[in-house]
Amino acid sequence: MSVVQVALPVPILRLFDYLPPNTHGAQPVIGGRVRVPFGKRKIIGIVVGFQERSDLPETQLKQIIEVLDTKSLYPPPLWRLLHWAAGYYHLPVGEVLKQALPVLLRHGKPAQEKPLWQWIITKKGQTTTLESLKFAPKQQQALAVLRHQPIYRHQVAEKNLNNAVLQVLRNKKLCDLREYHQPQQQSDWRTRFIIKGTQLKLNTDQTIAVGKIRNEDERYAAWLLSGITGSGKTEVYLSILENILARGKQALVLVPEISLTPQTTARFRERFEAPVDVLHSALNDKERFAVWQRARRGESAIIIGTRSALFTPLLQPGVIIIDEEHDSSYKQQEGWRYQARDLAVFRAREENIPIVMGSATPALETLHNVRRGKYRQLDLTRRAGSAKPALQQLVDIKGQQLIGGLAPVLISKMRQHLQADNQVLLFLNRRGYSSALLCHDCGWVAECQRCERYYTLHKKQRQLRCHYCNSQCLLSNQCSHCGSTHLLPVGVGTEQLEQHLCTLFSGIPVSRIDRDTTSRKGALEQHLANVHRGGAHILVGTQMLAKGHHFCDVTLVSMLNVDSALFSTDFRAAERFAQLCTQVAGRAGRAGKQGEVLLQTYHPEHPLLQTLLHQGYLAFAQQTLLERQSVMLPPWTSHALFRAQDRDNHQAAEFLQQLRKLLEANPLKDTSVWLMGPVPALQPKLCGLWRWQLLVQHASRKRLQQFLNNALPLVKRLPAAHKVMWTLDVDPIES
Ligand code: ADP
Ligand code: ZN
Ligand code: ZN
């Protein structure tokens, strides 16, 4: 007897044994799906192995109900990656294997396309005269059509025939039905692959980078392409792809957010005569599944997608590219909290292909990996083409009369640039009209009870909205504390800024680009098209505008408020701010015109701003890495964060306290483990849940993993463990 080991998507860290199905039909295979009984339910799991016998007596074993696949759904490198990841993130393999599949497969849809059925003519049908059917005109007509060509069963109606008539012909042996498998189009694009579109003449930096990567592009190598904004990184990716695609290999390109960078996608499409598949958020499950299949069959040459596209199976992988590798969207922030960049490097090694991580502002983790010799760094230090670096300047706004958050110098600079028929980009990371609504008479501030955070005023919609939990309520004209009608908006948001701009610069078009103005489908494209049309124009935007956009006519960029990041308690805030600031500044002067950047601050002397401005991002990064080394923070050490939440602001802390005791005492005790907490989370309350955390730090990633492996089975036995919702976040990016 053999026992089938199945990984199930249930929160239990083990595999489950089942008996093979009774039938003579399809038998389970490793990497294929099976439907099995689990408790009272029937669920889908993945076969991971076979064993001679089970630890359970055979009578207790249940039987597999149905075998869904006869071939593995996971190419071996992906299979190894997912197994490793389940261990690293301390999750059940079944959960991880499931998340790597398209939704339709998780729900049991067949992985192979169903064969199509075709009506075809038989020998007898060829030779029988049409004359002989003259008393059955419908049959006669059908036979006549079939003599010309076979007809798909699903297209019978389109040809004015019907299946009943064809069935009669079949009974007379004049025609027949056959399964028709669509021909594999695998080699199609490879045979007609060409490089179209214009190839730019690479500059020296680009040439060196491309040369080095090409030299080793048939085996694993991890590259950091560190190139300032506008230095032509995308051009380097495209050049690397030439050779890879010409060899018939596929490329996987990860980007932070596709809807924001339609231009990048377009550049891949324009350059190559080869199918490009884009996995963007607007695709439905069926379309995603189709992309998954095309990639797996080798029919797509380039697959561009966000974080989860990393799990796309490839028939002939050739390279992985991660654009804006520092971007925080590569870290999944719920459920399986994986870091796609790290997993991509692991996958590249397993596939034995190169991986190129590009950024103007590399993550400190990545730079650290360069130092340790794990990745190799290539630099693009100059802007491509004729573009010059932008001039940067701090504006001290202490004691200044601000209009809509704008200092007088900024306003006059804006006038200059607009008069020269250029465009101005104002960056303000705060949607809505104002960040709070205050009662002038009693000091009351409208607050979301569920999160204990101020409501943001959205004036046009007459709403107060919580930007933490998305709850909203109608704006009232009266203070709910004292009844006064004297309510003041405090803190300028993009909606208010837009209003001020329209008065200050009447006649100049203003485009506000944030989540509120672009939620409608096609709205972002429309805004961007307006901007690209050129001429004097003011853009107001949030985070959305910082990423990857290439606006030819923007010459002045300003960040209206840089201070909030300078005093955060999160040790990563400085890194994030430096990245954002550099990226935003990088939107200025990208096409030959001289760009200028103004940063408004109350603290122009702040060392972070000084380093960033005078020495640049990489100098800031090296300095920050040294600081972190001196206090033993990541990437010099490894973190794992236990998060817990409750509804009464008691149990979560209680659980973490018990956990801390457990981790500190025998048998787990490890003197090189450092614990911090329990402490309230950065956002202590969200959607009515109180959130607490306990941080585990270790100098060795390996030993931290072992420590957690030993600890987790014991954690589940803690008395409070079942009273709270808790999770473990390995390599958290917020703590
Ligand atoms: P990045 O991705 O580093 O921000 P891009 O690849 O988008 O930079 O390049 C910025 C601009 O410079 C684009 O308009 C691109 O067409 C142009 N460019 C890139 N490389 C060259 C080159 N070698 N010669 C001329 N223009 C270039
Ligand atoms: Zn809220
Ligand atoms: Zn009041």
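Residues numbered from 1 in each chain as written. Chains lettered and ligands numbered in written order. Predicted model: local features only at pLDDT ≥ 70, side-chain atom pairs only at ≥ 80, totals over all residues. Heavy atoms only, no water.

Asks: I keep staring at the overall build of the protein and nothing clicks. Help me out?
Replies: The helix and strand inventory of the protein stands at 21 helices and 33 strands. Taking the principal axes of the C-alpha coordinates as reference, the protein spans close to 100 × 70 × 65 Å. The proportion of buried residues among the 735 residues of the protein is 52%. Considering only contacts within the protein whose residues lie at least 6 apart along the sequence, 75% involve residues at least 24 apart. For the protein, the exposed surface amounts to about 34200 Å²; the carbon and sulfur share of it is 51%. Side chains of the protein give 92 positive and 61 negative charges; the mean places of these two sets differ by 5 Å. (Helix = DSSP H or I, 4+ residues; strand = E, 2+ residues; numbered from the N terminus. Buried < 20%, exposed > 50% of the residue type's maximum accessible area, 1.4 Å probe, protein only. Contact = heavy atoms within 4.5 Å. Areas by Shrake-Rupley, 256 points an atom, 1.4 Å probe, with all protein chains shown as cover. Lys, Arg positive; Asp, Glu negative; His and termini not counted. Charge placed at Lys NZ, Arg CZ, Asp CG, Glu CD.)

Asks: Sorry if this is basic, but what is going on with the domain arrangement of the protein here?
Replies: Interface size is commonly expressed as the accessible area that is lost once the parts come together. Examined at the domain level, the protein breaks down into domain 1 (3-100), domain 2 (116-180), domain 3 (192-380), domain 4 (391-430 + 492-626) and domain 5 (638-730). Summing the contributions of domain 1 and of domain 5, the shared interface buries around 580 Å²; its carbon and sulfur component is 56%. Linking domain 1 to domain 5 there are zero salt bridges. At the boundary of domain 1 with domain 5, the tally comes to three residue pairs in polar contact (both at pLDDT 80 or more). When the residues that make up the side of domain 1 that touches domain 5 are grouped by side-chain class, the tally is three nonpolar, two polar and no charged. (Domains from an automatic or database assignment. Buried area = accessible area lost by both parts, 1.4 Å probe. Salt bridge = Lys/Arg side-chain N within 4 Å of Asp/Glu carboxyl O. Polar contact = N/O pair within 3.5 Å; in protein donor to acceptor, adjacent residues only side chain to side chain. Nonpolar A, V, L, I, M, F, W, Y, C, P; charged D, E, K, R; others polar.)

Asks: Looking at this structure, I do not really get the site of ligand 1. What am I missing?
Replies: In the vicinity of ligand 1, 17 residues are found, and the nearest of them are Lys201, Gln206, Gly230, Lys233 and Arg267. Here an oxygen atom of ligand 1 sits 3.0 Å away from a polar atom, N or O, in the main chain of glycine 230. At 2.9 Å from an oxygen atom of ligand 1 is found a side-chain nitrogen or oxygen belonging to arginine 267. Bound to the protein, ligand 1 loses 78% of the 560 Å² it would expose on its own. Residue contributions to the shell around ligand 1 peak at three residues, all from helix H9 (residues 233-246). (Near = heavy atom within 4 Å.)

Asks: What's the story with the coordination of the zinc ion (ligand 2) in this structure? I'm lost.
Replies: Note on metal geometry: ideal angles are 109.5 degrees for four donors arranged tetrahedrally and 90 or 180 degrees for six donors arranged octahedrally. Protein-derived coordination of the zinc ion (ligand 2) comes from Cys448 (SG), Cys451 (SG), Cys466 (SG) and Cys469 (SG), at a distance range of 2.2 to 2.4 Å. Between the four donor atoms coordinating the zinc ion (ligand 2), the angles at the centre fall across 105 to 114 degrees, so the site counts as tetrahedral. (Donors = N, O, S within 2.8 Å, 3.2 Å for Na, K, Ca; no water. Tetrahedral: all angles 85-135°; square planar, octahedral: opposite > 155°, others 65-115°.)

Asks: Just to check I follow, could you spell out the coordination of the zinc ion (ligand 3) for this structure?
Replies: In this structure, Cys439 (SG), Cys442 (SG), Cys479 (SG) and Cys482 (SG) serve as the protein donors to the zinc ion (ligand 3), at separations of 2.3 to 2.4 Å. Angles of 105 to 112 degrees at the metal separate the four donor atoms of the zinc ion (ligand 3), which places the site in the tetrahedral class. Look at where the donors of the zinc ion (ligand 3) fall in the sequence and you get C-x2-C-x36-C-x2-C. Of this pair, cysteine 442 sits in the loop between strand S19 (434-439) and strand S20 (447-448) while cysteine 482 is found in the loop between strand S24 (472-474) and strand S25 (487-492), placing the two residues 40 residues apart along the sequence. In this structure cysteine 442 comes out as partly exposed when scored by relative accessible area, which is 33%.

Asks: Help me understand the nonpolar core, please; the structure alone is not making it clear to me.
Replies: Buried together is how nonpolar side chains tend to be arranged in soluble globular proteins. Phe577, Phe642, Phe655, Leu659 and Leu663 are the most contacted members of the largest nonpolar core, which has 119 residues in total. The contacts of leucine 659, once residues within four sequence positions are left out, are Phe642, Leu694, Val715 and Leu718. One finds Trp223, Phe268, Val278 and Leu378 within the second-largest nonpolar core, a separate group that totals 32 residues. (Core = buried A, V, L, I, M, F, W, Y, C linked by side-chain atoms within 4.5 Å.)

Asks: Sorry, what's going on with the packing of aromatic side chains here?
Replies: Working definition: an aromatic ring pair is given by the centre-to-centre distance plus the angle between the planes. Scanning the model with the defined rule gives 13 aromatic pairs in all. Ring plane angle 20 degrees and centroid distance 6.0 Å describe the contact between phenylalanine 289 and tryptophan 292, whose orientation is recorded as stacked. One end of the pair is phenylalanine 289 and the other is tryptophan 292, both in helix H11 (residues 285-296) and three residues apart, which spans about a single turn. Residue class for tryptophan 292 comes out buried when judged on its relative accessible area of 6%. With centroids separated by 5.3 Å and ring planes inclined at 70 degrees, the aromatic side chains of phenylalanine 311 and tyrosine 338 adopt a geometry described as edge-to-face. On the criterion of sequence distance, the pair formed by phenylalanine 311 in the loop between strand S13 (302-305) and strand S14 (317-323) and tyrosine 338 in the loop between S14 and helix H12 (340-351) is long-range, its members being 27 residues apart. (Phe/Tyr/Trp six-rings, centres within 6.5 Å; stacked < 30°, edge-to-face > 60°.)

Asks: What exactly am I supposed to notice about the environment of glycine 125 here?
Replies: Along the chain, glycine 125 turns up in helix H4 (residues 123-127). For glycine 125, the contacting residues outside a window of four places in its chain are Leu143, Arg147, Lys173 and Leu174.

Asks: Where do I start with helix H13 (residues 364-371) in this structure?
Replies: Every α-helix carries 3.6 residues per turn, so stepping three or four residues along brings you back to the same face. For H13, the tally of buried residues reaches six of eight residues, placing the bulk of the element in the interior. Those residues of H13 that sit buried are Leu364, Thr366, Leu367, His368, Asn369 and Val370. Where H13 is buried, its residues meet strand S10 (221-227), H12, strand S16 (376-380), helix H17 (573-585) and helix H19 (617-630). Just past H13, the residue glycine 373 takes up positive phi, approximately 80 degrees.

Asks: Explanation requested: the sheet that holds strand S9 (residues 175-180) in the structure shown.
Replies: Across a sheet, paired strands are connected by hydrogen bonds in the backbone, their directions being either parallel or antiparallel. Read from one edge of the open sheet, three strands run S8-S7-S9, paired in antiparallel fashion. Of all the strands in the sheet, the pair left with one neighbour each is strand S8 (151-152) and S9. Two elements, strand S7 (residues 116-121) and S9, share six bridges in a ladder whose sense is antiparallel. The partner of tryptophan 117 across the bridge, within S9, is glutamate 179. Across the face of the sheet, helix H6 (residues 163-171) comes into contact with S7 and S9 while running at roughly 110 degrees to S9. (Pairing = 2+ DSSP bridges. Axes fitted to C-alpha atoms, helices over the stretch in contact; angles between N-to-C directions.)

Asks: Would you mind going over helix H1 (residues 76-88) with me for this structure?
Replies: Here H1 contains 13 residues, and its C-alpha end-to-end distance of 18 Å stays within 8% of the 18 Å for a straight helix at 1.5 Å per residue. Those residues of H1 lying buried are Pro77, Leu78, Trp79, Leu81, Leu82, Ala85, Ala86 and Tyr88. Buried residues in H1 make contact with strand S4 (41-51), helix H2 (93-99), H12, helix H21 (701-715) and strand S33 (725-730). Residue histidine 90 follows H1 closely and has a positive phi angle near 55 degrees. (Expected span 1.5 Å × (residues − 1).)

Asks: Looking at this model, I keep getting lost on the pairing of strand S29 (residues 596-601). Mind explaining?
Replies: Sheet faces and side chains relate simply in a regular strand, where the side chains alternate between the two faces. Within S29, six of the six residues are buried, which leaves it mostly tucked inside the rest of the structure. Pairing of strand S17 (residues 391-396) with S29, which is carried by six bridges, proceeds in the parallel orientation. Residue pairing in the sheet places valine 395 in a bridge with glutamine 600 of S29. Examined bridge by bridge, strand S28 (residues 554-559) and S29 share four bridges and lie parallel to one another. Across the sheet, leucine 556 pairs through a bridge with glutamate 596, a residue of S29. Chirality of the crossover, the property in question, places the unit of S28, H17 and S29 among those that are right-handed. (Right-handed = clockwise from strand over helix to strand, strands pointing away.)

Asks: Mind showing me how you'd approach the sheet that holds S4 here?
Replies: Pairing is mixed in the open sheet, where six strands are placed in the order S5-S2-S1-S4-S3-S6. Only two strands of the sheet have a single partner each, and these edge strands are strand S5 (62-63) and strand S6 (66-67).

Asks: Teacher, can you tell me more about unusual backbone geometry here?
Replies: Working note: non-glycine residues mostly have negative phi, and peptide bonds are mostly trans. Omega for the peptide link from proline 634 to proline 635 comes to 10 degrees, which places this bond in the cis form. Within the secondary structure layout, proline 635 lies in the loop between H19 and strand S30 (638-646). With an omega dihedral of 0 degrees, the bond running from asparagine 666 to proline 667 counts as a cis peptide bond. Backbone geometry places glutamate 324, a non-glycine residue, at a positive phi of 50 degrees. Mapped onto the secondary structure, glutamate 324 falls in the loop between S14 and H12. Relative accessible area serves as the criterion here: at 12%, glutamate 324 is assigned to the buried category. Non-glycine residue glutamate 452 carries a positive phi angle of around 55 degrees. The topology assignment puts glutamate 452 in the loop between S20 and strand S21 (453-454). Look at glutamate 452 and you get partly exposed, because its relative accessible area is 41%.

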